[in-house]
Amino acid sequence: MSQGPKLHLEEVAFFERDVILRMPFRFGVVTLTAAPQTFVRARVRLEDGREGWGNAAELLAPKWFDKSADLSNEDNFDQLRQALAVAAQAYQANQDYHSPFGLHAASAAAFAKASAALPPLVAGFGPALLDRAILDAVLRMEGVSVFQAARNNLFDLTTAITPDLEGFDFDGFLAGLKPQRTIQARHTVGLVDPITAGDLAAADRVDDGLPETLEEVIAGYGVSTFKLKVSGDLDADVARLTQIAKILEPLPDYRATLDGNEQYADVEGIRDLWQTIAGSPALSRLRRSILFIEQPIARTRALSQDLTPLARLKPVEIDESDATQDAFLEAKALGYCGVSSKSCKGFYRSLLNRARVAKWNAEVGEERYFMSAEDLTTQAGLAVQQDLALATLIGCTHIERNGHHYVNGMAAVGEPEQEAFLTAHPDLYQRSFGAVRVRIDKGAIAIGSLDTPGLASAAEPDFAAMTRRAYEV
């Protein structure tokens, strides 16, 4: 078994900057117009005495980690800040030197106890960002990229928190991963997104030169892979999907996922939707294009119902119910075949779930189990780069991208920071309409420059231009 560099976490610092959306984004029960983005900095010391800083970033998204109607958006932000503070405390309290994954595993029990009052999906946000910042620091000091680190298992990934993988060859598995230099953008069609020009009154247009309607997105970015959100209202969903199908019809080829976003109370409801789609001639091509259904049932019920009646018709994955390291195991027993990867849920969780996919598919002798790559409005710069690197590392050929559509690139960021990221990653970014932004060409995102020392970034955010925050347990 390969051994990663051993480290101790010396210091953690938190920073924030506000993100204002150029267009409202409705997912589930919330329509998002603004939220803070948090930046985590971790200073680590290696056993040989070297010290270095690493970074991670993620949006503090409301009403996804915890959808309780009793909590305000600010309450949701504070929950996530608390998760980060608890994680930092648990990791720093561990006085031994550990490998990057070893520290995650060794701190798991103490963190679970300290974060027990938080919903599991909220709690996981803390280690998710801290692990990335720690890994970034280690890889920078070692002078290797995340892809090189994977080939040599410098994470020191083991079965410490996944006994179901006992005996699994992590070294061979990681060495066999084949990250690519491009990945397809899967465009999100949110529940309030305009489909055609007729859906958008002149007074409601942003008019910043960027695409606003689905028609404009297809013309401007050349995308042919889509994520279609549904609301749980059968008649409204069928009518909207029919409108979308009409716009997609001219494309020579397209693929889509159907995102239930926890809007259904039970398997019967989403099965009714799928059967209605199957019975509609206007939706026949759209139905054939759908790869899988993303978590349709509310998380409070999703892992207590047999999903087989739906899974026989179309593969289904969990997303919001992937709140613990064992959630995919529970879901598999109920008929789910897939699980989402999101950086905000954890770098190591994604790798361990990808190992499960490899193990289970080998056992059944077919590609039955799968992972997808999903977005939570990751922002241009550090967040989007780390998420893209994880997605291609685990073998995803397309990834939901929505941050570039709902936010005006790096327009709110200072010019020196914009130029630094553009210079360091000229394949991933371009300058257009007054700002540096993600480049999407014929539906593809070029990511070759992410193969750089550290966790997918050769540039750093301008921390001096942010607000430093003291997160409290």
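All of the points below concern the structure found in this document.

What counts, and where the lines are drawn
Residues numbered from 1 in each chain as written. Predicted model: local features only at pLDDT ≥ 70, side-chain atom pairs only at ≥ 80, totals over all residues. Heavy atoms only, no water. Helix = DSSP H or I, 4+ residues; strand = E, 2+ residues; numbered from the N terminus. Buried < 20%, exposed > 50% of the residue type's maximum accessible area, 1.4 Å probe, protein only. Contact = heavy atoms within 4.5 Å. Areas by Shrake-Rupley, 256 points an atom, 1.4 Å probe, with all protein chains shown as cover. Lys, Arg positive; Asp, Glu negative; His and termini not counted. Charge placed at Lys NZ, Arg CZ, Asp CG, Glu CD. Disulfide = S-S within 2.5 Å. Salt bridge = Lys/Arg side-chain N within 4 Å of Asp/Glu carboxyl O. Arc of directions from axis to C-beta.

### Some thoughts on the overall build of the protein chain
- Counting its regular elements, the protein chain contains 16 helices and 15 strands.
- Along the first, second and third principal axes, the C-alpha set of the protein chain runs to 65 × 50 × 45 Å.
- Each of the 473 residues in the protein chain was classed as buried or not, and the buried ones make up 61%.
- Of the contacts formed within the protein chain by residues at least 6 apart in sequence, a portion of 75% connects residues at least 24 apart.
- In the structure as shown, the protein chain presents an accessible area of about 17,200 Å², 49% of it carried by carbon and sulfur atoms.
- Counting 47 positive and 64 negative side-chain charges, the protein chain places the averaged centre of each group 3 Å from the other.

### Overview of the state of the cysteines
- Tallying each qualifying case throughout the model produces zero disulfides.
- The cysteine Cys337 is free of any disulfide, with Cys396 supplying the nearest cysteine sulfur at 16 Å.
- Of the cysteine sulfurs around Cys344, a residue in no disulfide, the closest is that of Cys396, at 14 Å.

### Focus on the pattern of salt bridges
- Overall, the coordinates contain 41 salt bridges when judged by the stated rule.
- The shortest N-O distance in the salt bridge between Glu58 and Arg132 comes to 2.9 Å. Here Arg132 lies in helix α3 (residues 120–142) and Glu58 lies in strand β3 (residues 51–59), a separation of 74 residues in the sequence.
- Under the relative-accessibility criterion, Glu58 is labelled buried at 2%.
- Taking the shortest distance from any N to any O, the salt bridge between Glu363 and Lys359 comes out at 2.7 Å. Of the two residues, Glu363 and Lys359 both sit in helix α13 (residues 347–364), four residues apart, roughly one turn of that helix.
- Salt bridges sharing common partners tie together Arg186, Lys227, Lys229, Asp259, Glu294, Glu374 and Glu400.

### Let's talk about helix α16 (residues 415–424)
- Among all positions of α16, only Glu417, Gln418, Phe421 and Leu422 are buried. Looking straight down α16, one finds its buried side chains confined to an arc of 130°; they lie on one side. With respect to the buried face of α16, the exposed residues turned more than 90 degrees away are Pro416 and Thr423.
- Of the surrounding secondary structure, the elements contacted by the buried residues of α16 are β1 (7–27), α14 (382–393), β12 (429–432) and β13 (435–438).

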